[in-house]
Each structure stands twice: as structure tokens, then as C-alpha cells.
Amino acid sequence: MWLRNRAGTEPVTARSPLRARRILSLVALVVGMAAAVLFAVLAANTGAEVWRWEAAIAAVVAVVAAADLALLRRRR
């Protein structure tokens, strides 16, 4: 049997971390979108440049999380 001739150190019952990755991506998507909206509102109200950068960074986090979720859906 092929399991007896394993060369690696991984356990026989190893499981994929895709479920945890999906949960983390969902959390990052929700938090990133909420933060982007909050920072955009603060940028509009105060006019400070720092809030625009914060909104852009949060939007990038949300986009990366959405791309990761799309990749996970494709692998499923």
C-alpha cells in the first residue's frame, strides 16, 4: 500500500486548512469593507488625507480577501 512507503513526516489523517482560510477571508472581507466605509466617511467629514489612505488600505484588504474567497471557491 502506498501509505506505508511515505517519505514525509505528515500524519496519515492530515486535513486541509481550507475551512479556516475561508473563515479568515470572510472575516477580513467584512472588516475590510466596514473599515473602508468608515474611513471614507471620516475622510469626507474631516478632509484629512490620512483617512483617505486608511480607506485605501482597508479596501485593498477587502479586495485581497475577496480574491482569496474566489480562489477557494474555484478549488472546491
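Residues numbered from 1 in each chain as written. Predicted model: local features only at pLDDT ≥ 70, side-chain atom pairs only at ≥ 80, totals over all residues. Heavy atoms only, no water.

## Quick look at the overall build of the protein chain
What counts is decided by this rule: Note on conventions: DSSP H or I runs of at least 4 residues are helices, E runs of at least 2 residues are strands, and numbering of each starts at the N terminus. Under the scheme applied here, a residue whose accessible area is under 20% of the maximum for its type counts as buried, over 50% as exposed, and between as partly exposed, the area being computed with a 1.4 Å probe on protein chains only. All accessible-area figures derive from a Shrake-Rupley calculation using a 1.4 Å probe, and residue coverage is judged against the displayed protein chains alone.
From N to C terminus, the protein chain includes two helices and zero strands. Expressed as a percentage of its 76 residues, the buried residues of the protein chain come to 17%. As displayed, the protein chain offers around 6,300 Å² of accessible surface, 66% of which is attributable to carbon and sulfur atoms.

## Details of the packing of aromatic side chains
The cut-off we apply is this: The criterion for an aromatic pair is that two Phe, Tyr or Trp rings (for Trp, the six-membered ring) have centres within 6.5 Å, with stacked assigned to planes under 30 degrees apart, edge-to-face to planes over 60 apart and tilted to the rest.
For the structure on display, the rule yields one aromatic pair. With a centroid separation of 5.5 Å and an interplanar angle of 25°, the aromatic rings of phenylalanine 39 and tryptophan 51 are classed as stacked. With phenylalanine 39 in helix H1 (residues 18–46) and tryptophan 51 in helix H2 (residues 49–75), this residue pair connects regions lying 12 residues apart in the sequence. In this structure tryptophan 51 comes out as partly exposed when scored by relative accessible area, which is 27%.

## What to know about the packing of H1 against H2
Two quantities define a packed helix pair, namely the angle between the axes and the distance from one axis to the other. Short version of the rule: For every element, the axis is a line fit to its C-alpha atoms; helices are fit only across the contacting stretch, and the angle between N-to-C directions ranges from 0 to 180 degrees. Comment on the angle field: the value is read as roughly parallel under 35 degrees, roughly antiparallel over 145, roughly perpendicular from 65 to 115, and oblique elsewhere. It is the rotation of the near helix from the far one that decides the hand of a crossing: anticlockwise by less than a right angle makes it left-handed, clockwise makes it right-handed. The classification used treats Ala, Val, Leu, Ile, Met, Phe, Trp, Tyr, Cys and Pro as nonpolar, Asp, Glu, Lys and Arg as charged, and all other residues, Gly among them, as polar.
Their axes nearest at 7 Å, the elements H1 and H2 cross at an angle of 155°. Viewed along their axes, H1 and H2 adopt a mutual orientation that is roughly antiparallel. When you trace H1 past H2, the crossing you get is left-handed. Here the residues of the contact of H1 with H2 are counted per class, giving 22 nonpolar, three polar and six charged.

## Quick notes on the layout of surface pockets
To keep it simple, the criterion reads: Using protein atoms alone on a 1 Å grid, points that fit a 1.4 Å probe yet trap it form a cavity, whereas open point sets bounded by protein on both sides within 12 Å along at least five of seven lines form a pocket; residues with an atom within 4 Å of a point count as lining. Grid points are joined across faces, edges and corners, and a volume is the space filled by probe spheres set on the points.
Within this model, the largest pocket holds a volume of roughly 280 Å³. In terms of lining residues, the largest pocket is bounded by Leu18, Arg19, Arg22, Leu26, Leu69, Leu72, Arg73 and Arg76. Sorting the residues of the lining of the largest pocket by element identifies H1 and H2 as the ones contributing at least two each. Among the elements that make up the lining of the largest pocket, the one with the highest residue count is H1 (four residues). Here the residues of the lining of the largest pocket are counted per class, giving four nonpolar, no polar and four charged.

## Notes on the pattern of salt bridges
Condition: Whenever Lys or Arg places a side-chain nitrogen within 4 Å of a carboxyl oxygen from Asp or Glu, that contact is recorded as a salt bridge.
For the structure shown, the criterion picks out two salt bridges. Close ionic contact of aspartate 68 with arginine 21 constitutes a salt bridge, the shortest N to O distance being 2.6 Å. Linking aspartate 68 in helix H2 with arginine 21 in helix H1, this pair joins segments that are 47 residues apart in sequence. Put simply, glutamate 49 and arginine 52 hold a salt bridge, and the shortest N to O gap is 3.0 Å. You can see glutamate 49 and its partner arginine 52 sitting in helix H2, three residues apart, about one turn around the helix. What makes arginine 52 partly exposed here is its relative accessible area of 44%.

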